[in-house]
Amino acid sequence: MDKKLKLTDDILLSVEKPARYLGNEINVVGKDINDIDIRFALCFPDVYEIGMSHVGLSILYDFLNKREDTFCERVFSPWDDLEKIMREKNIELFSLESQDDIKAFDFLGFTVQYEMSYTNILNTIDLSGMAVYSKDRSEDDPIVCAGGPCTYNPEPIADFIDFFYIGEAETTLSEILDLYKIHKNNGGTKEEFLIKLLDIEGVYVPKFYDVTYKENGEIKDFKPNHKNAKAKIKKQIVMDLTNAPYPSKPLVPLIQTVHDRVVLELFRGCARGCRFCQAGMIYRPLREKDVNVLKKQATELIKNTGHDEISLISLSSSDYTGLEELTNYLIDEFGNDKHVNLSLPSLRIDKFSLDIMSKVQELRKSSITFAPEAGSQRLRDVINKGITEEDILSGSSQAFKGGWTRVKLYFMLGLPTENYEDIEAIAKLGQDIVEEYYKLPKEVRKRKPQIVVSTSFFVPKAFTPFQWTAQDTYETFMEKQTFLNKKINKKSIKYNCHDAKTSMLEGVMARGDRKISKVIYSAWKNGATFDAWSEFFRFENWENAFEENDIDPLFYSSRERDFEEILPWDFIDTGVTKEFLYREYLRAKEGIVSENCIDSCMNCGAKSFGGGICYVD
């Protein structure tokens, strides 16, 4: 595509990785703006290499550009070197495809994957030359919308966004664009369009809802202030995933990104019911894609991209009913003379998964990853992880026998009901796995095993059974981390840990209400951007922001809620009922395990969508 670049050569030569800002990748979409009706700027609020690795962005880009009347272009957060130049030279943020200013678009749409990207959203709007608060934006500015997992609690960023789309785009997003096209041709105002959106399922327009608070800070009332605004916003999902649109010609970046590979989406939703997992609850019910469609898609994707790796993704890949048939096909078709590798994240610890992994990594045994999440069986039952210590040890033993010597283990600190015996059990489990290796005959042991234990901190999320629970304070997190660090045998185990400050902030955002928007705004004004990046994260920006707005972060992160309390996200209907989540919360407190959707129905409410695993015998 022949186009004039927004940035001069001098600027491009002075910034790190100028290819981040050029576009022109393989399979990029180009359209004549004179032939289209709607311009959609799709923004992943992080740096190019992260955004381009996200399959959701690829699906949305393809889905929107399949419409002849719509041109979807990409926007990413400029790295700090370019941002400084843009602000010095008054250069507004632009899209990659046409290099036009964002203000020339009809929509600026954010896909919001992580709470710590909220300040990047504000920065993107500001760099685009628009007012950050939606109430201050003009009629000529693009309509700012957002979707993605974080928007299942949209309230912390409600003041900055004109409307939210709750659910999967392939359902009613086209209806929104059809409506906008007619509205635009008729010369309607932004306000009138937002009112019309109130008739569409899955759309939340914050300005048409009022929130009042009790003296103790809890929500007193949350209700519509417009007659057309729905009391409940029902999430939108695709029930026929097999025939849902999927990109056959995804973009191929010209610089290295986090994941340079093609992606096959096996299914959406999850059958497992881990009580800490938001994705496992909000994407219910589990819906599979037909194995023959996946085979066809794999062939097209490899042909159209030239990638040498196929990744099979889902929340729990081992549960895909066609996994063995699919992996055998992919290995036979691509694994020999074509040298295409397979990667299978999200496998469970069992013999079947290890057999699959053995086939996939027949020649090159890289590391194998398990996620027990908790060290003791007591705590694994509390979180409903559905695996036993025997599963973990026998899985490790089989992995060692299969030729792997590097095992990575992921745990969380601060899970509900956790005590110091549970934490010590992490160190013991790691050591027990080491000992499994030394049970092998000497002649089989070719090198020392590498066991890597990594811990993150538990963050309670909306729409999980733990949405009512208190998060540990920063001080408690650090005490637990220090305790574990002392217990781990460093001679045989490497220990990786994370910073607790971002987890505490994530906890505030994940369950925050509309008042938190003031804190996010202040933190951004104080200089916070790229908060998910340790080199940019400055906790003092946030400490000052809470102080400036007289808001106690512990009210949001470390407070146990009652069932009767109105939660900021209660007006969203995911299908999974609040009553089910609370039953699971009570069962967690008693350490009672619940069955998964494959073995039995726990009546979570997702059956109301009329399909998926809920209707499989």
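These numbers come from a predicted model, not from an experiment.

## Description of the pattern of salt bridges
Under the definition given, this model contains 46 salt bridges. For Arg268, the salt bridge identified is with Glu170, shortest N-O distance 2.8 Å. Remark: Glu170 occurs in the loop between β5 (163-165) and α6 (173-185) and Arg268 occurs in strand β11 (residues 267-268); sequence separation between them is 98 residues. Linked by salt bridges that have partners in common, Asp37, Arg67, Asp69, Asp178 and Lys181 make up one network.

## Examining the pairing of strand β2 (residues 70-76)
Of all seven residues in β2, seven are buried; the element is thus mostly enclosed. Neither face of β2 is open: one carries Thr70, Cys72, Arg74 and Phe76, the other Phe71, Glu73 and Val75, and all of them are buried. In this sheet, β2 lies alongside strand β1 (residues 38-44) in parallel orientation, the contact comprising seven bridges. The residue bridging Arg39 from the neighbouring strand is Phe71, located in β2.

## Observations regarding the sheet that holds strand β3 (residues 107-111)
The pairing of strands in a sheet comes from backbone hydrogen bonds and takes either a parallel or an antiparallel form. Read across the sheet, six strands follow the order β2-β1-β3-β4-β5-β6 without closing on themselves; strand pairing throughout is mixed. Of all the strands in the sheet, just β2 and β6 (203-204) have a single pairing partner and so form its edges. Of the strand pairs in this sheet, β5 and β6 are connected by two bridges, and their pairing is antiparallel. Note on β6: the bridge partner recorded for Phe164 is Tyr204. Lying on the sheet, helix α3 (residues 55-65) is in contact with β1, β2 and β3; it crosses β2 at an angle near 155°. Sheet contacts for α6: β1, β2, β3, β4 (143-147), β5 and β6; angle to β1, the most-contacted strand, approximately 140°.

How each quantity is defined
Residues numbered from 1 in each chain as written. Predicted model: local features only at pLDDT ≥ 70, side-chain atom pairs only at ≥ 80, totals over all residues. Heavy atoms only, no water. Salt bridge = Lys/Arg side-chain N within 4 Å of Asp/Glu carboxyl O. Helix = DSSP H or I, 4+ residues; strand = E, 2+ residues; numbered from the N terminus. Buried < 20%, exposed > 50% of the residue type's maximum accessible area, 1.4 Å probe, protein only. Pairing = 2+ DSSP bridges. Contact = heavy atoms within 4.5 Å. Axes fitted to C-alpha atoms, helices over the stretch in contact; angles between N-to-C directions.

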